[in-house]
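Here is how the chains run, residue by residue.
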Amino acid sequence: MRKKKILIACAVCALPMSLLMAQTDTTGVSRNYALDEVVVTGTRNETDIRHLPMTVSVIGKGQIERTYSPSLLPILSEQVPGLFTTQRGIMGFGVSDGSAGSISLRGMSGGSGRLMVLIDGHPQYMGLFGHPISDAYQSFMAERVEVLRGPASVLYGSNAMGGVVNIVTRKMREDGVKTHANVGYGSYNTLQTEVTNRVRKGRFSSVVSGSYNRTDGHRADLDFEQYGGYVKLGYDLSDAWNLHADVNVTHFNAANPGSVEAPLVDAFQRVTRGMTSFAVANRYDRTSGALSFFYNWGRHKVDDGYIPSAGETPLDYRFNSRDDMMGLSWYQSAQLFTGNRLTVGVDWYRFGGEAWNRYIAGERNGERSDIIDETQDEVAGYVDFRQSIGSWLTFDAGLRVDHHSHVGTEWVPQAGLSFHLPKAAEVKLSASKGFRYPLIREMFMWGVANPDLEAERLWNYELSYSQKLMDGRLSYGINLFYIDADNLITVDMVDGRAMNVNTGKAENTGVEAQVAYRFNEAWSVDANYSYLHMKNPIVAAPEHKFYVGAVYTKGGWSLSSGIQYVAGLYTAVGENPQTEDFVLWNVRGAYRFTDWLGVWVKGENLLAQRYEINAGFPMPKATFMGGISIDF
C-alpha cells in the first residue's frame, strides 16, 4: 500500500512536466498577470491564490451580508462545492444527541474531528470531543471565510485532515467611526439582531459587535436562544509592526424534541463558548510573520431527556463539562531570492477538560460523579517551500513533524505544482497527507474507549483547471480528487466487547465545478456543483449538490435568488440506510431608502419541500423574515 501511494504521488508530480514539454507558447510574448485573489489559508502569509497548489474557496463579506443569516454555515453550504452542513430547524444547531451543524467536506466529517474550523488561523474545537461547535460561528464577526478543500495538516496539524474553514475577522481600515445595526423578525416567532461598531483613529482600530437571536422553532420543544459578543482591538506600532487582540463569547440555550418517531421530553443544552487571542505581527517587503497566543474554552450543561413512549423516566442527573484549548503559534515567511517564498513555523497546543454527572434527584441528589479529567499536548514544527520558475510554474512542498503527548509522532508531507498558462488559465496538481489523532473521548470516555488508538491517516490527490476570461467577467474551474484513508477509528467487537479500533477505511472520489459570470454592473450569476462517490457512505455527505444563483444590484435595490439541489444525502447508514433528495429555492431582497436606512426581506424553501437532513427531524416548509438595517 505504501509503495502504491508513493507511485501515485510521483505520477502526480511528473505528469505536469510531460504536459509542459508538449505545450509551447507560440506567441513569443511574456505573460504578465494582475494580482489575483489574495488568501491567507493554506500559506499563513497573504498569497496570490494562483500560486497555491490546493483549492481554496473564498466567501466575501458581500455574499455573507446578502443572506441576512446570523450563522455562517448555511452560507457555506450554498457557496462551497463539496461542503455540506446539517440542519434541524430554522435556527440553531445544538450539541449532544439530536444536534445538527455537522460539517462534511468531500466525505470527511467535522463531527468526527476530521475537519477543522479556524478563527484567524487559530483552531476552534471542543477540547474533549474534538468537534467544532457550530453555533459559535456567527456572521457578524466575519470579513470573509476561506475554505481549503483537502488536507491542511502541514500547517494546522491534527483535525485538519479533510480541510479547514478559516473565519477571517472584520477590520476597520479607514479613519472614522461606523456603526451598523440590523433587526429581523419572521416565521415561528424568530428574532435576529446585531449591532457592530467599528473605529479607526490613527494607529488604533477597534471592532465591537453584539447579537441576540431566538426562535420558537417549527416543532414543539425546538426553541433556541443565543447571545453573542465580539471585541477586536488593534494598534499599529509602526508601518511594519502591529498588535491585535480579540475576544468572542457565545451562549446558547437549545432544546431537543427528539425524532418524530420517538419524541423526547426535557432534553436541553445550555452552552457557553469563548475564545480570545493576542498577536504581534510584522510585514516587510521580503518577509512577514507573527507570534500569537490563543485560548478557547467551553462550559456545557446537558440533559439528554427521556422517551416516555419507550417507558423511560426522567434522568436523575445532568451531564456537565468544562473544556479548553490553548496554544502558541509562531511563523515567519521570507523571500530568499527571486520567485521564492520559505515559511517556517512552530505550534504548541494544550487541550482537554473535565466531565462529570451532577445528580439532581434521588438519594444522590447534589452529588457529583466524575467521568474524566484529562489534558494532552501537541507540539509541531513545519516548513513550506514555494518557488516560481519564470511566469509559468510554481512548485510547492511542505513538511510537518507533529508530536502528541499520548499517541506519538506523525510526519506529514505535501507537494504540488501550479501551471500558469496562456489566457489566464491555471492547471494545478497536488498530493497531500492529512491525519487526525484519536480524540480524548475515543480514548478514555465511556464503554467503547480504547487508550491504545493510533492516528487516522489519508492521502488526497487532486487535479484542477481554472480560467478567467472577458477581463475577469467570466471565471470557471473544475477539480478532480481521490482520497485514500485508512486507520480510521470505528467501533468493532474485540474479545467479546465493542470498542474503538483503527480498522476503518475510506475511498472517496469526486468532481467539483464552479462558474461565475457578470453581465454588467447590475447583473451577475454563479453556480457550483459537486459529485462525491464514497465506497463506504457516511451520514450528511450528499452524492450530488448543485447550486445556481443570481444577484441584481442597482441604485438602492439588491435582489438575489438561489436554487439548491441535493441528491443522495444519507440520513442513516448501516442495515437500514435512508437517503433524501430535495430542491430548495431561496429569495432575498433589500432596498436602501437613504445612506443610513434600509429594509430587507427573505423567503426560504419557497417550494415548501418536505425533507429531512437529520433523520427523524423534518425541516420547516416555507419560511419568511423581514427587517431593517441602519448605518451611521
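For the structure, check the block above.
Below: a short report on this structure. (Residues numbered from 1 in each chain as written. Predicted model: local features only at pLDDT ≥ 70, side-chain atom pairs only at ≥ 80, totals over all residues. Heavy atoms only, no water.)

## With respect to the sheet that holds strand β9 (residues 142-149)
Each strand in a sheet pairs with its neighbour through backbone hydrogen bonds, running either in the same direction (parallel) or in the opposite one (antiparallel).
Consideration 1: With respect to topology, 5 strands assemble into an open sheet ordered β3-β9-β10-β7-β8, the strand pairing being mixed. Because the sheet does not close on itself, it has two edges, and the strands there are β3 (55-59) and β8 (122-124). Across this sheet, the average inter-strand angle for adjacent strands is 25°, counted without regard to direction.
Consideration 2: Taken together, the 7 bridges between β9 and strand β10 (residues 163-169) define a ladder with antiparallel strand orientation. Residue pairing in the sheet places Val147 in a bridge with Val165 of β10. (Pairing = 2+ DSSP bridges. Helix = DSSP H or I, 4+ residues; strand = E, 2+ residues; numbered from the N terminus. Axes fitted to C-alpha atoms, helices over the stretch in contact; angles between N-to-C directions.)

## Quick notes on the packing of aromatic side chains
Consideration 1: Across all of its chains, the model carries 19 aromatic pairs by this definition.
Consideration 2: Ring geometry for Tyr212 and Tyr227: centres 5.0 Å apart, planes at 50°, overall tilted. Of this pair, Tyr212 sits in strand β13 (residues 204-215) while Tyr227 sits in strand β14 (residues 224-236), and the two are 15 residues apart along the sequence.
Consideration 3: A relative accessible area of 39% means that Tyr227 is categorised as partly exposed.
Consideration 4: Look at Tyr591 and Phe593: their rings are 5.1 Å apart centre to centre, the planes differ by 85°, and that puts the pair in the edge-to-face class.
Consideration 5: Feature note: the residues Phe129, Phe319 and Trp446 constitute an aromatic cluster, connected by ring pairs.
Consideration 6: Arg219 extends its terminal NZ or CZ atom over the ring of Phe617, reaching a point 5.5 Å from the ring centre.
Consideration 7: Sitting over the face of the ring of Trp356, Arg368 holds its NZ or CZ atom 4.1 Å from the ring centroid. (Phe/Tyr/Trp six-rings, centres within 6.5 Å; stacked < 30°, edge-to-face > 60°. Buried < 20%, exposed > 50% of the residue type's maximum accessible area, 1.4 Å probe, protein only. Lys NZ or Arg CZ within 6 Å of the ring centre and 35° of its normal.)

## Observations regarding the pairing of strand β7 (residues 116-119)
Consideration 1: Residues of β7 alternate between two faces, with Met116 and Leu118 on one and Val117 and Ile119 on the opposite face, all of them buried.
Consideration 2: In this sheet, β10 lies alongside β7 in parallel orientation, the contact comprising 4 bridges. Bridge assignment links Ile119 to a residue of β10, and that residue is Ile167.
Consideration 3: Here β7 hands over to β8 after 2 residues, with Asp120 in that stretch at a positive phi of 50°.

## Details of a nonpolar patch on the surface
Consideration 1: Together, Phe204, Val208, Val231, Leu233, Tyr235, Leu237, Trp241, Val247, Val249 and Tyr284 make up an exposed nonpolar region whose accessible area comes to about 810 Å².
Consideration 2: Among the secondary structure elements, those contributing two or more residues to the nonpolar patch are β13, β14 and β15 (241-255).
Consideration 3: Within the fold, Tyr235 resides in strand β14. (Patch = residues over 30% accessible without salt bridge, like charges linked within 9 Å, V, L, I, M, F, W, Y side chains within 5 Å. Areas by Shrake-Rupley, 256 points an atom, 1.4 Å probe, with all protein chains shown as cover. Salt bridge = Lys/Arg side-chain N within 4 Å of Asp/Glu carboxyl O.)

## A look at the environment of Val601
Consideration 1: Residue position: Val601 is located in strand β31 (residues 597-604).
Consideration 2: The spacing of Val601 and Arg44 is 557 residues in sequence and 38 Å in space, taken between C-alpha atoms.
Consideration 3: Among all residues touching Val601, those that are not within four sequence positions of it are Val587, Arg588, Gly589, Met625 and Gly626. (Contact = heavy atoms within 4.5 Å.)

## A closer look at empty space enclosed by the protein
Here the idea is plain: a probe the size of a water molecule rolls over the atoms and shows the empty space left.
Consideration 1: Following the criterion strictly, the structure yields 8 cavities of 30 Å³ or more and no others.
Consideration 2: Looking at the largest cavity, its volume works out to about 660 Å³.
Consideration 3: Those elements giving two or more residues to the lining of the largest cavity turn out to be α3 (73-79), β4 (83-85), β12 (190-201), β14, β30 (578-592), β31 and β32 (623-631).
Consideration 4: Partitioned by chemical class, the residues of the lining of the largest cavity number 16 nonpolar, 17 polar and 7 charged. (1 Å grid on protein atoms, 1.4 Å probe; cavity = no way out; pocket = protein on both sides within 12 Å on 5 of 7 lines; lining within 4 Å. Points joined across faces, edges and corners; volume = space filled by probe spheres on them. Nonpolar A, V, L, I, M, F, W, Y, C, P; charged D, E, K, R; others polar.)

## Re the sheet that holds strand β6 (residues 108-109)
Consideration 1: Strand order in the open sheet formed by 3 strands is β4-β5-β6, and the pairing between neighbours is antiparallel. At either margin of the open sheet sits one strand with a lone partner, and together these are β4 and β6.
Consideration 2: Relative to strand β5 (residues 103-105), β4 is paired through 3 bridges, and the arrangement is antiparallel. By the bridge assignment, Thr85 is partnered in β5 with Ile103.

## Some details on unusual backbone geometry
Note: most peptide bonds trans; most residues except glycine with negative phi.
Consideration 1: Not every positive phi belongs to a glycine, and Asn159 is a case in point at roughly 75°.
Consideration 2: Relative to the helices and strands, Asn159 is located in the loop between α4 (153-156) and β10.
Consideration 3: Backbone geometry places Trp446, a non-glycine residue, at a positive phi of 70°.
Consideration 4: Within the secondary structure layout, Trp446 lies in the loop between α5 (440-444) and β24 (456-469).

## Comments concerning the nonpolar core
Side chains that are nonpolar tend, in soluble globular proteins, to be buried together.
Consideration 1: Counting 39 residues, the largest nonpolar core has Val56, Met116, Leu128, Tyr156, Val164 and Phe252 as the members making the most contacts within it.
Consideration 2: When residues no more than four places from it in sequence are discounted, the contact partners of Val164 are Thr41, Leu115, Met116, Leu118, Glu146, Val147, Leu148, Ala152 and Tyr156. (Core = buried A, V, L, I, M, F, W, Y, C linked by side-chain atoms within 4.5 Å.)

## Focus: the environment of Pro620
Consideration 1: Looking at the element boundaries, Pro620 is found in the loop between β31 and β32.
Consideration 2: Spatially, the C-alpha atoms of Pro620 and Ile167 are 28 Å apart, while their sequence positions differ by 453 residues.
Consideration 3: In this view, Pro620 contacts Gly89, Ile90, Tyr188, His218, Asn605, Gln609 and Tyr611; residues no more than four positions away in its chain are not counted.

## Looking at the side chain of Ser187
Consideration 1: Inspection of the secondary structure puts Ser187 in the loop between β11 (176-186) and β12.
Consideration 2: Excluding anything up to four places from it in sequence, Ser187 contacts Ile90, Thr623 and Phe624.

## Re the environment of Arg200
Consideration 1: By the element assignment, Arg200 lies in strand β12.
Consideration 2: As for Arg200 and Ile90, which are separated by 110 residues in sequence, their C-alpha atoms are 36 Å apart.
Consideration 3: In this structure, Arg200 is in contact with Met172, Arg173, Glu174, Asp175, Gly176, Ser205 and Asp236, ignoring residues within four places of it in sequence.
Consideration 4: Here the side chain of Arg200 touches Met172 through a polar contact of 3.3 Å, landing on its backbone oxygen. (Polar contact = N/O pair within 3.5 Å; in protein donor to acceptor, adjacent residues only side chain to side chain.)

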